[in-house]
Amino acid sequence: MDIESVIRRDDVLSAVTWRTEVETLFPESWLFVGHAAEVPEPGNYVTRMMANDPVILVRAHSGELRVLLNSCAHRGTQLCRADVGATSHFKCMYHGWTYDTDGRLRGVPGLRQWYQPDFDRAQHSLRSARVEVFHDLVFATWQLDGPSLTDYLGDFAFYLEALMARSTAGWEVVGEPLRWVSQTNWKISVENFGMDSLHLGTLHENPGRLGIFGGTDQEPLAITSVCQNGHGIEATKFMDSGDDRAFPGYPEELWEDFVANLSDDQAWFVANNLVCKGNIFPNLSFIDLFHDYTGDPSTPPAVAAKMLRLVRPTGPLSSEVWMWILVPRDAPEQWKRWSQESLVRTLGVSGTFEPDDLENTAAISSANSGSVAQRWNMLFLAGEHLKPSATVEGRQLPGEVFVCSANTESMQRGFYREWRTRMSSAATPDRAGVGGDAS
């Protein structure tokens, strides 16, 4: 039995663990903060959280994307209080310190009367995170001299590019992110949504009986790739479509474009999927799936949908869930509406799936917060006997790849392997290089 197959419940759910995560693991990771389409013009901004730190994602007037700590450099007052907006500057309501959209201090009331003559505004910019963009997905980290985002993604960049680059026009966010709270540890929510497929036939048995998801008479092919740094992805594929470049549920006029920007192996991996889901360590999950029926008789019989799902830790047994719905920018407007509705009706907080998951993940946290229950292990044993496959249908895919007709817990083992490594090294954290300013 691999050590990653067994995780102590008190290690996962304890307050000490959570404190180490938010103080070290999250600040030293690349974290998703938004989609570039949310801030299309100079001066546009949204306010977000990087773990337990509030930040502003803003498109500076230079056109660059910035992620700024939402805390005045003077006395720490929350600088920007709106969720979304457009501005030429950020002005602190407490003492009036004013910053431009790059985070540089521009104005200080009473500068000549109250401060030393050599007061240097350049030394008092807003704290600025390091920002990189991958196909319009905006990531940031407080680790200013750590690995690049590409190095952090490693082999997983192949799959993320396959998901995000297949539309030449790009993807847009439908509306603002949906948000809700969950009374569970963030890791439980992440691995349930982004990695666990074993619960679909039991916890979500009724939606399956209602025919919400597409089916196939042929036994499906399930492919799981466990990549370095804790990332992973799983695709459950139709193998009897007769077209290895079909994208069920998406407008057929987009199919040719969907493969134009991808390698043959990437196009094969993302085509003909019933469900494709995974997680970018630590807490950004995603799903690209095919619905048979949206619940509305006026909609088509099949609609595809894509979403991003971030779980922010707010406490040892509490989390905040963010959900972005993505659609191809050049898809018909009516189809975009159908795709949005299909996700809200299934994976939204009041949909046919999410309430089951909310109840179950909360029950895991509450049932294991007692002193006796925490002495036992959480088990991730499914598929432990499988050997990695060198090729899949004659193709070489990145990562440690497992192929079977059912689902495994391979991704969970990869996730907790990385988590355990990072938490062990955080026992005596080196905080050097964390944080910075706009200068």
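Quick summary incoming for the structure in this document. (Residues numbered from 1 in each chain as written. Predicted model: local features only at pLDDT ≥ 70, side-chain atom pairs only at ≥ 80, totals over all residues. Heavy atoms only, no water.)

With respect to the pattern of salt bridges
Where side chains of opposite charge bring their charged atoms close, a pairing between them can arise.
Then, number 1: Evaluated as defined, the whole model comprises 20 salt bridges.
Then, number 2: A salt bridge links Lys-336 to Glu-172; the shortest N-O distance between them is 3.1 Å. One end of the pair, Lys-336, is in helix H10 (residues 333–346); the other, Glu-172, is in strand S12 (residues 171–173), with 164 residues separating them in the sequence.
Then, number 3: For Lys-336, a relative accessible area of 5% translates into the label buried.
Then, number 4: For Glu-172, a relative accessible area of 21% gives the class partly exposed. (Salt bridge = Lys/Arg side-chain N within 4 Å of Asp/Glu carboxyl O. Helix = DSSP H or I, 4+ residues; strand = E, 2+ residues; numbered from the N terminus. Buried < 20%, exposed > 50% of the residue type's maximum accessible area, 1.4 Å probe, protein only.)

Concerning the packing of aromatic side chains
Then, number 1: Within the structure shown, the criterion is met by 20 aromatic pairs.
Then, number 2: With 5.5 Å between their ring centres and 70° between their planes, Tyr-45 and Phe-90 make a pair best called edge-to-face. Of the two residues, Tyr-45 is situated in strand S3 (residues 44–50) and Phe-90 in strand S7 (residues 90–91); the sequence distance between them amounts to 45 residues. An identical accessibility class is assigned to Tyr-45 and Phe-90; each is buried.
Then, number 3: Seen from the ring of Trp-171, Lys-306 lies directly overhead, with NZ or CZ sitting 4.2 Å from the centre. (Phe/Tyr/Trp six-rings, centres within 6.5 Å; stacked < 30°, edge-to-face > 60°. Lys NZ or Arg CZ within 6 Å of the ring centre and 35° of its normal.)

Let's talk about the sheet that holds strand S10 (residues 130–134)
Then, number 1: Strand order in the open sheet made by the three strands is S2-S11-S10, with antiparallel pairing throughout. At either margin of the open sheet sits one strand with a lone partner, and together these are strand S2 (31–35) and S10. Across this sheet, the average inter-strand angle for adjacent strands is 30°, counted without regard to direction.
Then, number 2: By the bridge criterion, four bridges tie S2 to strand S11 (residues 137–141) in an arrangement that is antiparallel. Within the sheet, the bridge partner assigned to Phe-32 lies in S11 and is Phe-139. (Pairing = 2+ DSSP bridges. Axes fitted to C-alpha atoms, helices over the stretch in contact; angles between N-to-C directions.)

Some thoughts on the nonpolar core
Then, number 1: Counting 107 residues, the largest nonpolar core has Met-50, Phe-156, Tyr-159, Phe-269 and Leu-397 as its most contacted members.
Then, number 2: Once residues lying within four places of it in the same chain are set aside, the contact partners of Met-50 are Leu-31, Val-33, Val-55, Val-67, Ala-129, Ala-140, Thr-141 and Trp-142.
Then, number 3: If you look at the next biggest cluster of nonpolar residues, it comprises 14 residues, including Tyr-45, Cys-80, Cys-92 and Val-108. (Core = buried A, V, L, I, M, F, W, Y, C linked by side-chain atoms within 4.5 Å. Contact = heavy atoms within 4.5 Å.)

Details of a negative patch on the surface
Then, number 1: A surface patch of negative charge is lined by Asp-243, Asp-244, Glu-252, Glu-253 and Asp-330.
Then, number 2: By the element assignment, Glu-253 lies in the loop between strand S15 (232–237) and helix H8 (255–260).
Then, number 3: Residue class for Glu-253 comes out exposed when judged on its relative accessible area of 56%. (Patch = residues over 30% accessible without salt bridge, like charges linked within 9 Å, V, L, I, M, F, W, Y side chains within 5 Å. Areas by Shrake-Rupley, 256 points an atom, 1.4 Å probe, with all protein chains shown as cover. Lys, Arg positive; Asp, Glu negative; His and termini not counted. Charge placed at Lys NZ, Arg CZ, Asp CG, Glu CD.)

In short, shape yes, function no, at least from these values alone.
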